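A closer look at the structure
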Amino acid sequence: MAYIELNHVTFSYPDCTQPAIKNLSLTIEKGQFVVLFGSSGSGKSTLLRLLKKEIQPHGKLSGDIFINGVHFGETTDKSKKIGFVFQDPENQVVADDVLHELVFGLENSGLSTNEMRSRVAEMVHFFGAESLLPRKIHELSGGKKQQINLASVLLMQPDILILDEPTAQLDPVSSRELLDMLKRLNEEFGMTIILAEHRLEEVFTLADKIVMVEKGKILVEGDPRGVLTQV
Ligand code: ADP
Ligand code: ADP
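Residues numbered from 1 in each chain as written. Chains lettered and ligands numbered in written order. Predicted model: local features only at pLDDT ≥ 70, side-chain atom pairs only at ≥ 80, totals over all residues. Heavy atoms only, no water.

Here we look at the overall build of the protein
A tally of helices and strands in the protein yields 7 helices and 10 strands. Over its C-alpha atoms the protein spans a radius of gyration of 18 Å, differing by no more than 12% from the 17 Å that the globule rule assigns to 231 residues. Here the C-alpha coordinates of the protein stretch approximately 50 × 40 × 35 Å along the principal axes. Look at the contacts in the protein between residues 6 or more apart in sequence, and 66% of them connect residues 24 or more apart. Accessible surface, the protein as shown: approximately 11500 Å² in total, 51% of it carbon and sulfur. Averaging the locations of the 24 positively and 32 negatively charged side chains of the protein gives two centres separated by 3 Å. (Helix = DSSP H or I, 4+ residues; strand = E, 2+ residues; numbered from the N terminus. Rg over C-alpha atoms; globule rule 2.2 N^0.38 Å. Contact = heavy atoms within 4.5 Å. Areas by Shrake-Rupley, 256 points an atom, 1.4 Å probe, with all protein chains shown as cover. Lys, Arg positive; Asp, Glu negative; His and termini not counted. Charge placed at Lys NZ, Arg CZ, Asp CG, Glu CD.)

The following block contains the structure:
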């Protein structure tokens, strides 16, 4: 069984005549960098939220979703932690300065102060963000804010990282920086990444697998080269 498996998944929001996801089947392997590509309204966010078990209660779902062999309806110690990064970093910020933002998520984790410090230090080193620690978050550029946001999600040590158009609000240079970081996370740490994007040129070279979604269905999927020959 694949790491993530969707079998014939259909999902409808309440009072919507058309399902947002229609009989969709998809597999994702551990360590894969998967890009969900499709225009606005194609169903990318809905698909991501289903993986995060966020909207199941708020609509009608049929089909099956398995993550690491665990059916989405059950919780066991094999359940996987999913980290989620949105478009707008502002929505995810909770603290005033960068250090506190990073430590915040760990405060209820049962780690000792020393363990929290060393985990934060390691992450800050990965991002090359040592000089940002004392800075106020609201003074940072959008790109840096999104990096800190990503860092705080990673500090929770997710098994799977899901990002919904994370560069939509960023300038081209900051976008590139963030995407390069994601590539490093995937290559150096084998992080499984699922990223939704409506601009394919941004993410084309990152992906192991591209899934083109339209009207809640998969149009084409495969490695970037394969997908290019089919569209
Ligand atoms: P994308 O992320 O590709 O832009 P979405 O998953 O947000 O697509 O949307 C897929 C479809 O579901 C669209 O038709 C959208 O209008 C609809 N939709 C999304 N969220 C909701 C919601 N909370 N309630 C009702 N319909 C929704
Ligand atoms: P995204 O950029 O992720 O596609 P959207 O702009 O489609 O997001 O949607 C933004 C918010 O509006 C989401 O919370 C989504 O659930 C909600 N939404 C989208 N379409 C509808 C809809 N037709 N009815 C109700 N809520 C919707």
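A closer look at the nonpolar core
Core analysis: the largest hydrophobic core is formed by 43 residues, its most contacted members being Phe127, Leu150, Leu161 and Leu182. Once you skip the residues sitting within four places of it in the chain, Leu161 turns out to touch Gly83, Val85, Leu150, Val153, Leu154, Leu182, Leu185, Met191, Thr192, Ile193 and Ile194. By size, the runner-up hydrophobic cluster in this structure holds 26 residues, among which are Ile4, Leu6, Phe11 and Leu26. (Core = buried A, V, L, I, M, F, W, Y, C linked by side-chain atoms within 4.5 Å. Buried < 20%, exposed > 50% of the residue type's maximum accessible area, 1.4 Å probe, protein only.)

Digging into helix H3 (residues 113–127)
Taking 1.5 Å per residue, 15 residues should reach 21 Å; H3 reaches 21 Å between its end C-alpha atoms and fits that length. For H3, the full list of buried residues reads Met116, Arg119, Val120, Met123, Val124, Phe126 and Phe127. Buried residues of H3 fall within an arc of 155° about the axis and therefore sit on the same side. Away from its buried face, by an angle of more than 90 degrees, H3 presents the exposed residues Asn114, Arg117, Glu122 and His125. Looking at the packing, one finds that the buried side of H3 touches helix H2 (98–104), helix H4 (142–155) and helix H5 (172–189). Just downstream of H3 lies Gly128, where phi reads positive at about 60°. (Expected span 1.5 Å × (residues − 1). Arc of directions from axis to C-beta.)

Description of the environment of Ala2
Here Ala2 lies in the segment before strand S1 (4–12). Look at Ala2 and you get buried, because its relative accessible area is 9%. Those residues in contact with Ala2 that sit more than four places away from it in its chain are Thr27, Ile28 and Glu29.

Some thoughts on the site of ligand 1
All residues adjacent to ligand 1 are Tyr13, Cys16, Ala20, Ser39, Ser40, Gly41, Ser42, Gly43, Lys44, Ser45 and Thr46. The contact in question runs from a nitrogen atom of ligand 1 to an N or O atom on the side chain of Tyr13, over 3.3 Å. At 3.5 Å from an oxygen atom of ligand 1 is found a main-chain nitrogen or oxygen belonging to Ser39. Isolated, ligand 1 exposes 560 Å² of accessible area, and the fraction of that covered by the protein chains is 59%. (Near = heavy atom within 4 Å. Polar contact = N/O pair within 3.5 Å; in protein donor to acceptor, adjacent residues only side chain to side chain.)

Topic: the sheet that holds strand S5 (residues 70–71)
Across the sheet, 4 strands lie side by side as S2-S1-S4-S5; this open sheet has antiparallel pairing. Bordering the open sheet on either side are strand S2 (21–28) and S5, each of which pairs with just one other strand. Pairing of strand S4 (residues 60–67) with S5 involves 2 bridges; the strand directions are antiparallel. Note on S5: the bridge partner recorded for Ile67 is Val70. Here helix H1 (residues 44–51) sits on the sheet and contacts S1, S2 and S4; the angle it forms with S1, its principal contact strand, is near 120°. (Pairing = 2+ DSSP bridges. Axes fitted to C-alpha atoms, helices over the stretch in contact; angles between N-to-C directions.)

Structural notes on the site of ligand 2
Around ligand 2, the neighbouring residues are Ser45, Arg49, Gln87 and Asp164. Between an oxygen atom of ligand 2 and a side-chain N or O atom of Ser45, the distance comes to 2.4 Å. Between ligand 2 and Arg49, the relevant distance is 3.3 Å, taken from an oxygen atom to a side-chain nitrogen or oxygen of the residue. Alone, ligand 2 offers 550 Å² of accessible surface; in the complex the protein occludes 28% of this.

Here's the deal with H5
Compared with an ideal rise of 1.5 Å per residue, which puts 18 residues at 26 Å, H5 spans 25 Å between its outermost C-alpha atoms and is within 8% of the ideal. Turning to H5, its buried residues are Ser174, Ser175, Leu178, Leu179, Met181, Leu182, Lys183, Leu185 and Asn186. Contacts made by the buried residues of H5 are with strand S3 (33–37), H3, H4, strand S7 (160–164), strand S8 (192–197) and helix H6 (200–203). One side-chain oxygen at the N-terminal end of H5 lies 3.0 Å from the backbone nitrogen of Val173; it belongs to Asp171.

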